[in-house]
Every structure is written in C-alpha cells, then in structure tokens.
Amino acid sequence: MHQASLLNDRERPRPGLAESETSRRTDRLLGGRAALTLLVLGWAVLLAFFLRHAIVLSSDSVNNHVHVWHIADDLWHHGHLPWRFAQLRPGRAYAYPYGFVNWTAAALTWPLFGDWGGTLSTVLGTVGCIVATFVAFPELRRGWWAAAVLANPAIVEALLFGQQSFAWGSMLMLFGIAAWRRGSRGWAALLLGTGCATHPYIVAPLALVVLLLYLPFTRDRRAAITCYVVACVIALPAFAIVFISPSASDSRPSTQVVNFLATLGPRVFIAVLPLFYVLLRRLAWTWLAPMALAVPLALLIGLSFPLNVWAQWRVLAWDGVDTASLDAYLRSPSFVRGATYRVLRGSDGKLGLYHVVRAGGRLDSEMFPETMAIRNFRDVPEYEKLLCDRHVDQILHFESYDASRHTNERETIARLAAEPGDRVRIHLLAAGDGFEAYAIDRHRCTAVPAGPSTPS
C-alpha cells in the first residue's frame, strides 16, 4: 500500500516522504530478521515470567488488583458496577479514578481467574499496544523496524511497572490512529475518545503530542483537530473524576505538575517512536534501519536508572513477600472490620494495603503515593491533624517502612504515644517482630481548632 502521509494514507505524498523501492529494501536489510527473532523470544520469556505470578509486585500493579477486586465484588454479588470505593480514603475515593475498560474486563473474569485475571489484563494491554502499533503503521512490520517497535521502552515499562490503564488507553489510541489512516474518522474519534477516557491523565496529553507532530504533515488540519476535540468530549466524565479524586486534591498544584511531566515524559515514546521510525524509513537510507533499533535500546537503558526499572525486573523473580505478621494481626481480635487504618509498610509493592482492604479494613489513603502523606511532620500537632482529618482508628507500623521511606513518622508516633497530644491519644495495641499496632483515641479531634498543615 502507498503510504502517502505520516498518518493519512489518503493524502498526496509530500517530497521526501513517499514510499519507494529503496525504503522497502530496508525491510529486508541483513540482520533485521535475526534481531526481530531475538526480540520476539525475549518478549516470550518476559511474558512467561510475568504470567507465573497471580500478582506481580511492581509499583502500580496492586492498584489494579484492589480496584478489580472491588469492582468484581459489586458486579458478581450485587449485579452492578460501583461508583465509590468506600474502603479507600473513606468517603472520597472512586471505584474508577480511571481504567473503566480494562478494570471492568478483568472484573468480568474474576470468577475464573481471581487476581491472576488482573495480571492477564496487564499482559493483554501491553501485547495489544504492540499489535496496535503494527496495525497503525503496517510499514513497520518487517526486519529492523519491527524489532525497534518491540524494543519500545514505553511498552516494556508499561508491563514491568504494571501500568495497565495506560497500556489499554494507548492501545485504543493507536487503533484510533490506524482507523484515521484508513479514512474512518468516526471510528478514529471513538477509539481515541475511549482511550482518553481509559487514562485521561496521560493518554489525552499524549494524543495532543501526536496531533501537534502530525499537523505539519497534513493539509486537513481542521479534521484532525476536530477528531481530537470530539475524543476529548467523549472522555469528559473521566477527566472530571481525575480532577476530583483524592490523588489530585491531596497534593499541591506544583507537585501535580512535576508528577505529570515526570510521568508523561517517558510514556510519549509509545506513539512518538513509531512516527519517528516511519520518517526514518521514508528517507530510504539503508543504514538508518539498524540505527532505529539502537534508539529504543539506548532509551531503555538510559531510563532504567532514573525510573528504577531494575527493581521492576527483580520482582519477576520473586515468589512473593512475607506478610505473615500482618496476616496474623488481620485474623486477631484487635483487628476491627470497618475501622480506618494507616498502614506504614514498605518494600512489598503495597500488597499489605491490599490485604487490609480484603480483610474488611479501610485505608486512610488511596493506593497512589500522592494520597499517602509520605513525608516528614513538622511537629506532633501537625501529625494529630492528619490523624483527625483522615479519621484514623489504628496505625499499623512496620520497620520496613522506615527503611524504605526515610521519614520521621515513627519518631512522631513515639512522641505522641509517650505524651498525649491536645487532640489525639494513642496506645500500643499489639506488637510483634518488626511490627506495632497502635489504637487511636480521636474523641478530642474537634477540641482544638485545626492549624495549618503541610500538603502531602
């Protein structure tokens, strides 16, 4: 097929970008098939290691599992999809802060697969991104170009970090690009809108980046802009939920901006790199084909250190973490179903938080770090205010939290336990090897006016 424009097959070729016999020769360049075979084998091994776990304890994966469990519980026991998630950040969290498509799909399989269905959904979204890239850009299906697609760091890291909603949203966006290139503008807007609704925080800005890169290569700019606007209108309800969720309201605007840029930056490669490959291929310089593979490999290595990707690779070899002391407490008379818990536990991929929720407890935060108030506290009154504002009934503290978070919260708890505060009193409820549970007396929370607090 004649690939006339960067994203639209129906437009007239522009100088330097038209398909040629020379550009097709790059598909058959020596070594390309071997590189592609190695990448395919590498993905097969990676997916096999990933799927051997019911829950992969990467940075974002447990957030998927806890929401899928909650949605499946309402869906299969009460016959409807939930709106709120009362056990997270009580009274404020939503069942779908994003991820409607992928979490609902995983919840539908819960009776068959349980938690493993959430892991399978992450794999399907990741593999779907690869398939959608090849559907959107058929000129990249061979040799070095195909190997470069498989090495895309954004796709690899989406799997390793458990970025399930991002993977599904990006997959739908890429299928939208495929529909646009085939002239199906209605389907393009619908698929892009569904992708933006699946992960509005990242996919909508990512689609805007693609749009801005595309506009110089098309004469039909109005139609492209209209398609994007329609997609955003489709995703409006999802946008609204993002901005009223605790993950947004619990953090300062400056923190939100920094987190947004740090999150979006590495993920733009999921769509930008294929566009870059298409341009390189049309230059028809054969030596550029192997160089195309070098680019994502360099990015994958370069991003590994700032994003701590090595830790995500290591979890694939884990057989789990030790939750024995926590699980024993959750079965003890001291654990109260329906009470609100502040769980201070590290190095377990948030698995301990998931166990508390499934046992019937509530958490004072969502699964997002922005809501967890992981910080140093200026003084005891500031900490009292946190406990009062979040209606905390018990604190479960583990030594692993101190080792991984490096805050002064443990010292603040000790000071409050030794000398009762003006608003809160706490006492030791249970203790074990590296574990302490504190009961919180909050009956004086309204006795002293709330002072200024340091946002999380």
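As a reminder, the structure under discussion sits directly above these lines.
The model shown is predicted, which means the values in this text are computed figures rather than measured ones. (Residues numbered from 1 in each chain as written. Predicted model: local features only at pLDDT ≥ 70, side-chain atom pairs only at ≥ 80, totals over all residues. Heavy atoms only, no water.)

Q: Any details on the packing of helix α11 (residues 185-198) against helix α13 (residues 221-234)? Residues and values, ideally.
A: Where α11 contacts α13, the axes come no closer than 8 Å and their chain directions differ by 40°. Considering their axes alone, α11 and α13 lie oblique with respect to each other. Of the two elements, α11 crosses α13, and the hand of that crossing is right-handed. From α11, R185, A188, A189, L190, L192, G193 and T194 reach across to α13, where they touch A223, C227, Y228, V230, A231 and I234. A per-class count over the contact of α11 with α13 returns 10 nonpolar, 2 polar and 1 charged. (Axes fitted to C-alpha atoms, helices over the stretch in contact; angles between N-to-C directions. Helix = DSSP H or I, 4+ residues; strand = E, 2+ residues; numbered from the N terminus. Parallel < 35°, antiparallel > 145°, perpendicular 65-115°, else oblique. Left-handed = near helix turned anticlockwise from the far one by under 90°. Contact = heavy atoms within 4.5 Å. Nonpolar A, V, L, I, M, F, W, Y, C, P; charged D, E, K, R; others polar.)

Q: If you had to explain a nonpolar patch on the surface to someone new, which residues and values would you point to?
A: Where nonpolar side chains cluster on the molecular surface, the patch consists of W187, L190, V230 and I234 and spans about 380 Å² of accessible area. Elements with a contribution of two residues or more to the nonpolar patch: α11 and α13. Inspection of the secondary structure puts W187 in helix α11. W187 sits in the exposed class, given a relative accessible area of 57%. (Patch = residues over 30% accessible without salt bridge, like charges linked within 9 Å, V, L, I, M, F, W, Y side chains within 5 Å. Areas by Shrake-Rupley, 256 points an atom, 1.4 Å probe, with all protein chains shown as cover. Salt bridge = Lys/Arg side-chain N within 4 Å of Asp/Glu carboxyl O. Buried < 20%, exposed > 50% of the residue type's maximum accessible area, 1.4 Å probe, protein only.)

Q: An account of the nonpolar core is needed here, citing residue identities and associated values.
A: It is characteristic of soluble globular proteins that their nonpolar side chains tend to be buried jointly. Core analysis: the biggest nonpolar cluster contains 79 residues, and W43, F137, M173, L206, I270 and Y277 have the highest contact counts within it. The dominant element in this core, judged by the number of residues it contributes, is helix α10 (residues 164-181), at 10 residues. Aside from chain neighbours lying at most four places away, what touches I270 is C129, N152, A154, I155, F166, S170, L174 and L206. Grouped together as the second largest cluster of nonpolar side chains are 39 residues, V68, A72, Y96 and M367 included. (Core = buried A, V, L, I, M, F, W, Y, C linked by side-chain atoms within 4.5 Å.)

Q: Tell me what's going on with the sheet that holds strand β1 (residues 340-344), and back it up with residues and numbers.
A: Ordered in space as β2-β1-β3-β5-β4, the 5 strands form an open sheet in which the pairing is mixed. The sheet is open, and its two edges are formed by β2 (362-363) and β4 (425-432), each paired on a single side. In the sheet, β1 pairs with strand β3 (residues 394-398) via 4 bridges, with the strands oriented parallel. Within β3, the position partnered with Y341 by the bridge is Q394. Those strands touched by helix α22 (residues 380-389) are β1, β3 and β5 (435-441), and its axis lies near 130° from that of β1. (Pairing = 2+ DSSP bridges.)

Q: Could you give an account of the state of the cysteines, with specific residues and numbers?
A: Counted by the stated rule, this structure contains 1 disulfide. A sulfur-sulfur separation of 2.0 Å characterises the disulfide bridge that pairs C388 with C445. With the S-S bond torsion at -85°, the cross-link from C388 to C445 turns out left-handed. One end of the pair, C388, is in helix α22; the other, C445, is in the segment after β5, and 57 residues separate them in sequence. The class of C388 is buried, set by a relative accessible area of 7%. By relative accessible area, which is 11% here, C445 ends up buried. Take C129: it sits in no disulfide, and the sulfur closest to it among the cysteines is that of C196, at 14 Å. (Disulfide = S-S within 2.5 Å.)

Q: Give a detailed account of the packing of aromatic side chains, specifying residues and quantitative values.
A: By the definition in use, this model includes 13 aromatic pairs. Measuring from ring centre to ring centre gives 6.3 Å for F276 and Y277, while their planes differ by 50°; the resulting arrangement is tilted. The exposure class assigned to Y277 is buried, which follows from its relative accessible area of 0%. An angle of 20° between the planes, with centres 5.1 Å apart, marks the rings of F335 and Y341 as stacked. Given the relative accessible area of 9%, F335 is considered buried. According to the relative accessible area criterion, Y341 is buried, its value standing at 0%. Taken together, Y98, W103 and F368 form an aromatic cluster joined through their ring pairs. Directly above the ring of F166 sits R267, whose terminal nitrogen or CZ lies 4.9 Å from the centroid. The ring of F398 carries R345 above its face, with NZ or CZ at 4.7 Å from the centroid. (Phe/Tyr/Trp six-rings, centres within 6.5 Å; stacked < 30°, edge-to-face > 60°. Lys NZ or Arg CZ within 6 Å of the ring centre and 35° of its normal.)

Q: Explain helix α18 (residues 288-304) to me, and be specific about the residues and the numbers.
A: Here α18 spans 25 Å end to end across 17 residues, near enough to the 24 Å set by a 1.5 Å rise per residue. Those residues of α18 that sit buried are L288, A289, A292, L293, P296, L300, L303 and S304. Buried residues along α18 sit against α2 (32-51), α8 (143-150), α9 (153-160), α16 (253-267), α17 (269-283) and α19 (309-315). (Expected span 1.5 Å × (residues − 1).)

Q: An account of the packing of α9 against α18 is needed here, citing residue identities and associated values.
A: Closest axis-to-axis distance for the α9/α18 pair is 9 Å, and the angle between their directions is 40°. Considered as vectors, α9 and α18 are oriented oblique to each other. When α9 is examined against α18, the residues P153, V156 and E157 are found in contact with a partner set consisting of P296, L299, L300 and L303. Partitioning the contact of α9 with α18 into residue classes produces 6 nonpolar, no polar and 1 charged.

Q: An account of the layout of surface pockets is needed here, citing residue identities and associated values.
A: When its volume is computed, the second largest pocket comes out at roughly 270 Å³. Around the second largest pocket, the lining is made up of 14 residues, and of these Y96, F100, A197, A238 and I241 lie nearest the centre. Taken together, the elements giving at least two residues each to the lining of the second largest pocket come down to α5 (100-108), α11 and α14 (236-244). When the residues that make up the lining of the second largest pocket are grouped by side-chain class, the tally is 12 nonpolar, 2 polar and no charged. (1 Å grid on protein atoms, 1.4 Å probe; cavity = no way out; pocket = protein on both sides within 12 Å on 5 of 7 lines; lining within 4 Å. Points joined across faces, edges and corners; volume = space filled by probe spheres on them.)

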